[in-house]
Structures are given as C-alpha cells and as structure tokens.
Amino acid sequence: MIDESFSMGSTLFHKRDPKVKLIGAAAISIVLALCSSIVVAGIGVIVTAILLFLSKPAPCLLFKRFLQVNVFNLFIWITLPLTYGGGETMQFSFLNLSLDGIRMAALISLKSNGILFCFLALLATSSTANLGHGMEKLGVPRKLTFLLLFSYRQLFVIHREYQRLQRAAKLRGFTPKNSLHTYRTYSYLFGMTLVRSWNRGERVHQAMILRGFTGNLIPLDQPQPGKADYFFLFTMLFISLLLAGLSLMPLTL
Amino acid sequence: MHISEGILTAPVLAGGTVLTIVGTAIGLKKLDYDRIMTVSLLSATFFVASLIHVPIGPGSVHLLLGGLLGLILGWGAFPAIVVALCLQTIFFQYGGMVVLGVNGCIIAGPAVLCGLLFKSMLSGSKKKQMVAGFLAGFCSIFLSAILMACALYFADSGFLQVAGIVLASHIPIMLIEGLITMFVVTFLLKVQPEILSINN
C-alpha cells in the first residue's frame, strides 16, 4: 500500500533538483489554492495537467490517486448545491439547487485537481528522502527534517511489524466484527506494535550514538542545481505569476 | 480527517499555518536529540495507525489515535503528527501542501491539549486510567471535528451545513477512538508503563 512508484522514472521532472521542485510546487499550489475564479482555476488545471503529462506517470496509479481526491469532490457536489443557499436557484425536478453552490463545487473540484496534478508532477517525482534533504537546504529546521526522514525510514518496518501481528491474529481465527472484542483486539495489536517500535527506537538510538551520531544526516547524493534546474524554476515561477496575474484581473466567473 | 486542497480561503489557510508553525516550534524546542529517534518511531506508528481500518456498522473507519500520541509525547506530539501528515500527503495525496498547516492544527492541537489535560489521571487508580484513556481519545476527535467544522465555516459561511454533516459523521469515530485509546492505554500500562511516562 505504501509505495513511491511515481518517483521512478527518467523524465525531465525526475531529473530536476528537489529544492527547485519544492519551490515551484509551493508557488503554483499557493496561487491555485487562493484563486477564486473558475476561469483561472480551469487554466491552472490545464497547465498542471500538461506538466503531469510530461512527467509520464503510470496511468493505473494516476487513476487511483485521481479517484481518491475526487470521491471527496463528489461529496461536495452532492451537498453544496442543496445546502449552500444564496440568491439564485435552479429547479431540477423536485430539487431546488443553489447556483452559487454549483459554482462553488466546480471551483473546489478544479482547484483540488489542479493542486493534485501539480503535486504529482513536481513532488511525487522525487523520493521522500531527496525531498527531506531538499527541505533542510531550504531552511526547514533540522530536527523536523530528521523526524521526517527517520519516520519515513521506519515506516515500512513498523507497517511490516503490524502486518505480522495481524497475520498471527488471523491464524488464530480472528475475524473483525462490530464487537467490543474486535476493538480490544485491534487495540492490543496496535499496542504491541507501539511497544515494539518503542523498543526498536531505543536500540536504533543506541546504535547511532555508538557510531558517533551528532544530529547530522549526510546524504550521499548531494545534487547541486544546474542551469537546467534554474531554467525549470524560472518556468514554474513564470506559470504561477501568470496565474496570479490572471486571478487579479476582473473576470466575471 | 483531512480538509482537501482548494476549499479554504487565504485567512483560514494563513491562520492554520501560523498556529502549526508555532506548535511545531514549541514541540521541537522541547525535544532533544536523545528522544528524537523515539518520536520519529512514534510518528511512523501514527502513520501506520491511519492504515488500520476498524469495522463500524456496515462500513469501516481508520484509526487516528492523536489523543494517545498526545498522552505519550505531550508537546512532542505536535511535530510528530505534522510529520505523519506530511508523509500522508507525499504517499497518498491526502490533504495537501497548502492545507498542511490547517490540517496539522486541526489534528495535532487537540491531541496535545488532551495529552496534557489527561496525563495526570494516568497515575491514579485503574478506573481513572481507563477514563483518562477514553477521554483522551474521545475529546481529541471531538475537538478536531469542531475545529474542522469551524475552519470550513470561517472559509465560507455557505459551508455551514456541510460543517454540520462533518461534525455529525464524526460522532461514531469519537466513540471508537475513545474505546481503542482506552484499551491501548491499559495495555501499555500493563506491558511497558515507561512509554506513558516519557515526560516525567
């Protein structure tokens, strides 16, 4: 379930420096998140979709992510037209739909998909480890990036540990139901995972102290941004400025 | 329990981000390098908790266990939860980069508050410990749901009814989280009580 399939690849997006991609993704996402015009959000979706297309993601995985985000949008489409209120309404058989609600739902769907595309094209094309180191270079506190990198490192171990305990429970004939017994079993399973990860944490910490750990993590791969990276950054910032400029223009929608 | 990208407005996003930065800064300040490994492990465990689906009625919900993390780590739960949310964004695109601040504030704030409030009850009788566990789990989700509803309402008053639906749909989750946190707390106190007294 936990994988980083998007980060495998060799397109120009995969080759860019993570720092540059972080700045670009932040700029475009913030502009899209703040825009309040459907036209600008629509243009944003088209631009980010082109970026996503250029990063050549695996179609099946892409569809899965797309579905995940849009299940929530479906909820918005069901609820907002009925509950949003506002002046204008539209009669649709026996339902009284609010036009403002429909407009809001469309805006939210466009914005959330645009930001998703931007995220997948720019950030998911780097591994979490590279992003973590990139964040540190961009000024995120070292303790926080350390927490991120180590949680990421241990995540898979703990997930396996939990699955092992879960398998053991299944072999003993445990079938989840709506009962207190089920909740207690899940709690004990999780409690045991917690105990194991706690003890693992102590051991890892001791091992690192023995190896002279001082709070510094030195990545073996330390890419320096080159000309292509700066050009990429310039393009991303240009796109976000363009979108920001458009959203400041008086558009009717 | 995430607010998706594209829903909130600038003031709510900015407010949430500022609060999360402050909370994370306090948490990091209280965290020294001796404990950082434990906190990262717990942060990863918190992430794994969100993959555990517990049956409820005809469907299932995933665990959150913020209250439990608050009980164990106190202020340290703030950066731990923010990191776990960040990983969820990277892996599954739940929430997002811009709303990370608001989501962090919604989940980590109540977790830390409940942890600090109910921690002292853990040194009492067995009944008191169980009540502390239940309340930590229950109240953290309760407060998170209220914060989430407020964030939606402040973003746009047209979201009032959606916020109500969100709040109502969290009632069963509060009960489940309360029960599970209670059982995990009693389990930990039996098996490895030092986990729950890291701050002492």
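Residues numbered from 1 in each chain as written. Chains lettered and ligands numbered in written order. Predicted model: local features only at pLDDT ≥ 70, side-chain atom pairs only at ≥ 80, totals over all residues. Heavy atoms only, no water.

## Let's talk about the overall build of chain A
Each helix and strand counted, chain A has nine helices and two strands in total. Shown N-terminal to C-terminal, the secondary structure of chain A runs as helices and strands in the order α-α-α-α-β-β-α-α-α-α-α. For 253 residues, the compact-globule formula gives about 18 Å, and the C-alpha radius of gyration of chain A, at 23 Å, lies well above that figure. With the C-alpha coordinates of chain A rotated into their principal frame, the extents come out at 65 × 60 × 30 Å. Taking all 253 residues of chain A together, the buried fraction comes to 49%. The long-range share in chain A, meaning contacts at least 24 apart out of those at least 6 apart in sequence, stands at 75%. Counting only carbon and sulfur atoms, one obtains 67% of the accessible surface of chain A, whose full area is about 13,200 Å². Chain A carries 25 positive and 10 negative side-chain charges, and their two centres are separated by 9 Å. (Helix = DSSP H or I, 4+ residues; strand = E, 2+ residues; numbered from the N terminus. Rg over C-alpha atoms; globule rule 2.2 N^0.38 Å. Buried < 20%, exposed > 50% of the residue type's maximum accessible area, 1.4 Å probe, protein only. Contact = heavy atoms within 4.5 Å. Areas by Shrake-Rupley, 256 points an atom, 1.4 Å probe, with all protein chains shown as cover. Lys, Arg positive; Asp, Glu negative; His and termini not counted. Charge placed at Lys NZ, Arg CZ, Asp CG, Glu CD.)

## Details of the environment of Glu-4 of chain A
Mapped onto the elements, Glu-4 of chain A comes out in the segment before helix H1 (12-15). Each C-alpha atom, one on Glu-4 of chain A and one on Gly-173 of chain A, is 33 Å from the other, the two residues being 169 residues apart in sequence. Those residues within four positions of Glu-4 of chain A in sequence are excluded, and the remaining contacts are Ser-127, Thr-128 and Tyr-152 of chain A together with Phe-91 of chain B.

## Some thoughts on the domain arrangement of chain A
Residues and elements named next belong to chain A. Looking at chain A, the domain boundaries give domain 1 (5-133 + 223-248) and domain 2 (140-210). On a C-alpha basis, the centres of domain 1 and domain 2 stand 33 Å from each other. In total, about 380 Å² of surface goes out of reach between domain 1 and domain 2, with carbon and sulfur atoms giving 81% of it. Looking at the side of domain 1 facing domain 2, the largest losses of area belong to Thr-128, Ala-129 and Gly-132, adding up to 83% of the total buried there. (Domains from an automatic or database assignment. Buried area = accessible area lost by both parts, 1.4 Å probe.)

## Topic: the state of the cysteines
Residues and elements named next belong to chain B. Summed over the entire model, instances satisfying the criterion amount to zero disulfides over all chains. Cys-114 provides the cysteine sulfur closest to Cys-139, a residue in no disulfide bond, and the two sulfurs are 5.1 Å apart. Owing to a relative accessible area of 18%, Cys-139 belongs among the buried residues under this scheme. (Disulfide = S-S within 2.5 Å.)

## Describing the interface of chain B and chain A
Between chain B and chain A, the residue contacts involve 68 residues of the former and 74 residues of the latter. Taken as a group, Tyr-33, Met-37 and Phe-91 of chain B account for 11% of the area that chain B buries against chain A, more than any other trio of residues on that side. Our count for the contact surface shared by chain B and chain A stands at zero salt bridges. At the boundary of chain B and chain A, one finds eight residue pairs in polar contact (both at pLDDT 80 or more). Elements with a minimum of two residues in the side of chain B that touches chain A: helix H1 (10-29), helix H2 (36-49), strand E1 (53-56), helix H3 (66-73), helix H4 (77-92), helix H7 (160-169) and helix H8 (171-191) of chain B. (Salt bridge = Lys/Arg side-chain N within 4 Å of Asp/Glu carboxyl O. Polar contact = N/O pair within 3.5 Å; in protein donor to acceptor, adjacent residues only side chain to side chain.)

## Let's talk about the packing of aromatic side chains
Applying the stated rule across the entire model yields 17 aromatic pairs over all chains. The interplanar angle of 90° and the centroid separation of 6.3 Å between the aromatic rings of Phe-146 of chain A and Tyr-33 of chain B together place this pair among those described as edge-to-face. Residue Phe-146 of chain A is found in helix H7 (residues 142-171), and its partner Tyr-33 of chain B is found in the loop between H1 and H2; the two belong to separate chains. With relative accessibility at 28%, the residue Tyr-33 of chain B sits in the partly exposed group. (Phe/Tyr/Trp six-rings, centres within 6.5 Å; stacked < 30°, edge-to-face > 60°.)

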